[in-house]
Amino acid sequence: MHPFATAVFGTMIVAAAPAVLAQSAPAKPVSAPSPGEIVSAAPASDWVAIAPKDLLVMRLKPDAKGRPRTVVIQLMPAPFSQGWIGNIRKIAAATWWDGTAIVRVQDNYVTQWGDPDGDDKAAAKPLPNGLAVVPEGDYVVARAGFLERQGVAGGPALRDLLIPRNDVSHFHAFYRGFPVEASGTPDSVSAWPIHCYGMVGVGRNLSPDTGTGAELYAVIGQAPRHLDRNIALVGRVIQGMEHLSSLPRGTGPLGFYETPAERVPIVSVRLASALPKAEQPRFDYLATDSASFARYAAARANRRDPFFIRPAGGADICNIPVPVRAVPG
């Protein structure tokens, strides 16, 4: 396998006349709603349903206490990474991942899964026929006018909330719920998805190999942005991240598990659309071109709810995770 193949508050009693207290007490600042409160108040029209065909459901072997472990991944929307995502759909339809395993957990970096024998041509599990060979150029999308124009009502544009500050020709944005980086202008742009926490990418060998999509990883640590445009990103974990981020770290080089006993078996991986209707998970994401998301992003960048003392003045794009909610079946 390749590296990418309580605070306690006391009570103080003050012996003073109520009038004195009333006169000397500073006015309590008016607090702003928290990001969570903004999300909770978002109207139904600001939420977008994720189609079952765009959800990948991975079931791991139950944990030591017999509790089920399910991970749900939302696949990237077009036009990003569609060659690899087409392969992933074929691999899932062929049930190829059933019986494979999580093979690598590197602290503050990634959890990776696939065929443990993938490097041994004689022992490797045969891949489905018809998988595309995707060129490196597809790490970046060049297209005019497809990024959402985001702004904060009554306040700065999203790009002005982000740290480091963006200039006119190089900026961050969101596209249909996913964080991207871009160069050019919003009307003539080259853009690529970025490695935030929970993003899912494709393992590969050395260039010019770009990977098939059979070997995948999820970011479980500080955003490894040096990987952007060097490897394909195909989605993000929207449920069950704890089942990937809390696994024992591998003791081998780059966090690979050294023995089969250490690996976490994968029971199945299916597109949600291939599951019985009653078993299909349902999720919505907060539309990243909505007024609610604009308010949420501003609140993430400058917290003014009661706990906070000073607004930060901005936020890294990876610190503005797009809200996702499960929808009752």
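Now for a quick tour of the structure. (Residues numbered from 1 in each chain as written. Predicted model: local features only at pLDDT ≥ 70, side-chain atom pairs only at ≥ 80, totals over all residues. Heavy atoms only, no water.)

## Remarks on the sheet that holds strand S1 (residues 47–49)
Sheet strands associate in pairs through backbone hydrogen bonding, adopting either a parallel or an antiparallel arrangement.
Here comes step 1: Read across the open sheet, the three strands follow the order S1-S14-S15; overall the sheet is antiparallel. Across the chains shown, the open sheet's two edge strands, defined by having one partner strand only, are S1 and strand S15 (324–326). Direction aside, neighbouring strands of the sheet carry axes that sit 30° apart on average.
Here comes step 2: Pairing between strand S14 (residues 283–286) and S15: three bridges, direction antiparallel. (Pairing = 2+ DSSP bridges. Helix = DSSP H or I, 4+ residues; strand = E, 2+ residues; numbered from the N terminus. Axes fitted to C-alpha atoms, helices over the stretch in contact; angles between N-to-C directions.)

## Considerations on the pairing of strand S13 (residues 264–271)
Here comes step 1: Where strand S2 (residues 55–60) and S13 come together, five bridges link them in antiparallel fashion. Within S13, the residue paired with Val-57 across the bridge is Arg-270.
Here comes step 2: Summarising the sheet, strand S4 (residues 101–106) and S13 pair through two bridges and their orientation is antiparallel. Within the sheet, the bridge partner assigned to Ala-101 lies in S13 and is Pro-265.

## Thoughts on the state of the cysteines
Here comes step 1: One pass over the full model with this rule turns up one disulfide.
Here comes step 2: With a sulfur-sulfur separation of 2.0 Å, Cys-196 is cross-linked through a disulfide to Cys-318. Its S-S torsion of about -80° marks the bond between Cys-196 and Cys-318 as left-handed, since a negative value means left-handed. Residue Cys-196 is found in the loop between strand S9 (188–193) and strand S10 (199–202), and its partner Cys-318 is found in the loop between helix H5 (291–301) and S15; the two are separated by 122 residues along the sequence. (Disulfide = S-S within 2.5 Å.)

## A look at the side chain of Arg-104
Here comes step 1: Tracing the backbone shows Arg-104 in strand S4.
Here comes step 2: No salt bridge is formed by the buried Arg-104; the nearest opposite charge belongs to Glu-215, separated by 6.9 Å.
Here comes step 3: Within the structure, the side chain of Arg-104 is placed 2.7 Å from the backbone oxygen of Leu-254, a separation counted as a polar contact. (Buried < 20%, exposed > 50% of the residue type's maximum accessible area, 1.4 Å probe, protein only. Lys, Arg positive; Asp, Glu negative; His and termini not counted. Salt bridge = Lys/Arg side-chain N within 4 Å of Asp/Glu carboxyl O. Polar contact = N/O pair within 3.5 Å; in protein donor to acceptor, adjacent residues only side chain to side chain.)

## Here we look at helix H3 (residues 82–93)
Here comes step 1: A rise of 1.5 Å per residue sets the reference length of H3, with its 12 residues, at 16 Å; its end C-alpha atoms lie 16 Å apart and thus fit the reference within 8%.
Here comes step 2: Restricting attention to buried positions, one finds in H3 the residues Trp-84, Ile-85, Asn-87, Ile-88, Ile-91 and Ala-92. What you see down the axis of H3 is that its buried residues fit within an arc of 155°, all on one side.
Here comes step 3: Downstream of H3 by one or two residues, Thr-95 has phi in the positive range, about 55°. (Expected span 1.5 Å × (residues − 1). Arc of directions from axis to C-beta.)

## Some remarks on the nonpolar core
Here comes step 1: Ranked by size, the top nonpolar core spans 88 residues in total, and within it Trp-97, Ile-102, Trp-113, Leu-147 and Ile-320 carry the most contacts.
Here comes step 2: When residues in this core are grouped by element, the largest group, six residues, is from H5.
Here comes step 3: Those residues within four positions of Trp-97 in sequence are excluded, and the remaining contacts are Ile-88, Ile-91, Ala-92, Trp-113, Gly-213, Ala-214, Leu-216, Ile-266 and Val-269. (Core = buried A, V, L, I, M, F, W, Y, C linked by side-chain atoms within 4.5 Å. Contact = heavy atoms within 4.5 Å.)

## Quick look at the environment of Ala-142
Here comes step 1: Examined against the element boundaries, Ala-142 turns out to sit in strand S6 (residues 141–143).
Here comes step 2: Each C-alpha atom of the pair Ala-142 and Ala-182 lies 9.4 Å from the other, and the pair is 40 residues apart in sequence.
Here comes step 3: When near neighbours in sequence (up to four residues on either side) are disregarded, Ala-142 contacts Val-189 and Ser-190.

## Some remarks on empty space enclosed by the protein
Here comes step 1: Computed from the structure, the largest cavity encloses a volume of approximately 60 Å³.
Here comes step 2: Lining of the largest cavity is provided by Phe-80, Ser-81, Trp-84, Asp-138, Tyr-139, Trp-192, Pro-193, Arg-229, Ile-231, Ala-232 and Leu-233.
Here comes step 3: For the lining of the largest cavity, the residue count by class is eight nonpolar, one polar and two charged. (1 Å grid on protein atoms, 1.4 Å probe; cavity = no way out; pocket = protein on both sides within 12 Å on 5 of 7 lines; lining within 4 Å. Points joined across faces, edges and corners; volume = space filled by probe spheres on them. Nonpolar A, V, L, I, M, F, W, Y, C, P; charged D, E, K, R; others polar.)

## Overview of the pairing of strand S12 (residues 233–239)
Along a regular strand, successive side chains alternate from one face of the sheet to the other.
Here comes step 1: Burial runs high along S12: six of the seven residues are buried.
Here comes step 2: Summarising the sheet, S10 and S12 pair through three bridges and their orientation is antiparallel. Within S12, the position partnered with Gly-201 by the bridge is Leu-233.

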